[in-house]
Amino acid sequence: MTDITIYHNPACGTSRNTLALIRNSGVEPTIILYLETPPDRDKLEELITAMQISPRALLRKNVEPYEELGLAQDRFNDSELIQAMLDHPILINRPIVVTPLGTRLCRPSEAVLDILPNPQQGEFSKEDGEKLIDKDGHRLP
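These notes cover the structure that comes with them. (Residues numbered from 1 in each chain as written. Predicted model: local features only at pLDDT ≥ 70, side-chain atom pairs only at ≥ 80, totals over all residues. Heavy atoms only, no water.)

Here's the deal with the side chain of Gln120
Thought 1: Here Gln120 lies in the loop between β4 (102–105) and β5 (124–125).
Thought 2: For Gln120, the side chain forms a polar contact with the main-chain oxygen of Leu21, separated by 3.1 Å.
Thought 3: Separated by 2.7 Å, the side chains of Gln120 and Asn24 make a polar contact.
Thought 4: Non-local contacts of Gln120, meaning those with residues more than four positions away in its chain, are made with Leu21, Asn24, Ser25, Leu113, Ile133 and Gly137. (Helix = DSSP H or I, 4+ residues; strand = E, 2+ residues; numbered from the N terminus. Polar contact = N/O pair within 3.5 Å; in protein donor to acceptor, adjacent residues only side chain to side chain. Contact = heavy atoms within 4.5 Å.)

As structure tokens, then:
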């Protein structure tokens, strides 16, 4: 069994598509509903480091707390941005997937294909109908 974890929001189409791609590789991942069980500071910093992105790059901008807190302004340092995400987990962009091959913010959902250890097991289309994987498990151009 491959060890894969997804920080998931079932209300998000991108997150649902990412989870479905993981399952299409024959793996049932550990699912962390991060809005209900947010990561602590150490885990969030670990994820950001593993993704090799800045805390600002992980911020979700199209949610109310982002504007309300003035997070678009450059006056916040990394620690303050992380604290905002800890205080308001909805600010953490998703889905984040951790596999033995790496950690990635999977936007778009097909970004997960780059870090899945197992190949796709068959055809796959996103919820919107966009075909990503053919019947033989190969990624479509």
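Past the structure itself, the notes keep going.
Quick word on helix α1 (residues 13–24)
Thought 1: Between its first and last C-alpha atoms α1 spans 16 Å; for 12 residues at 1.5 Å apiece the expected length is 16 Å, and the two agree.
Thought 2: Those residues of α1 that are buried lie in contact with β1 (5–8), β2 (30–33), β3 (96–99), β5 and β6 (131–133).
Thought 3: A positive phi of about 90° marks Gly26, the residue just after α1. (Expected span 1.5 Å × (residues − 1).)

Quick notes on the state of the cysteines
Thought 1: Scanning the entire structure with this criterion turns up zero disulfides.
Thought 2: The thiol of Cys106 is not disulfide-bonded; the next cysteine sulfur, from Cys12, is found 11 Å away. (Disulfide = S-S within 2.5 Å.)

Concerning the environment of Lys131
Thought 1: The residue Lys131 is located in strand β6 in this model.
Thought 2: Residues Lys131 and Asp40, 91 residues apart in the sequence, show an inter-C-alpha distance of 36 Å.
Thought 3: Residues within four places of Lys131 in sequence aside, it is in contact with Glu123, Phe124, Ser125 and Leu140.
Thought 4: Looking at Lys131, its side chain comes within polar contact range of the side chain of Glu123, at 3.5 Å.

Here's the deal with the pairing of β4
Here is the key point about a regular strand: its side chains alternate between the two faces of the sheet.
Thought 1: Only one face of β4 is covered, namely the one carrying Thr103 and Leu105; the face carrying Gly102 and Arg104 has none of its residues buried.
Thought 2: One ladder, built from four bridges, connects β3 with β4; its direction is antiparallel. Counted as the bridge partner of Val98 is Thr103 from β4.
Thought 3: In this structure, the hairpin formed by β3 and β4 is closed by a connection of two residues. (Buried < 20%, exposed > 50% of the residue type's maximum accessible area, 1.4 Å probe, protein only. Pairing = 2+ DSSP bridges.)

Points about the pattern of salt bridges
Thought 1: On inspection of all chains with the given rule, the structure shows 10 salt bridges.
Thought 2: In this structure, Glu28 and Arg23 form a salt bridge, with 2.8 Å as the shortest nitrogen-oxygen distance.
Thought 3: Relative accessible area serves as the criterion here: at 39%, Glu28 is assigned to the partly exposed category.
Thought 4: When its relative accessible area of 40% is taken as the criterion, Arg23 is described as partly exposed.
Thought 5: Ionic pairing is found between Glu45 and Arg41, a salt bridge with its closest N-O pair at 3.2 Å. One end of the pair is Glu45 and the other is Arg41, both in helix α2 (residues 41–51) and four residues apart, which spans about a single turn.
Thought 6: With relative accessibility at 30%, the residue Glu45 sits in the partly exposed group.
Thought 7: Taken together, the shared-partner salt bridges in this structure form one network comprising Arg104, Asp114 and Arg139. (Salt bridge = Lys/Arg side-chain N within 4 Å of Asp/Glu carboxyl O.)

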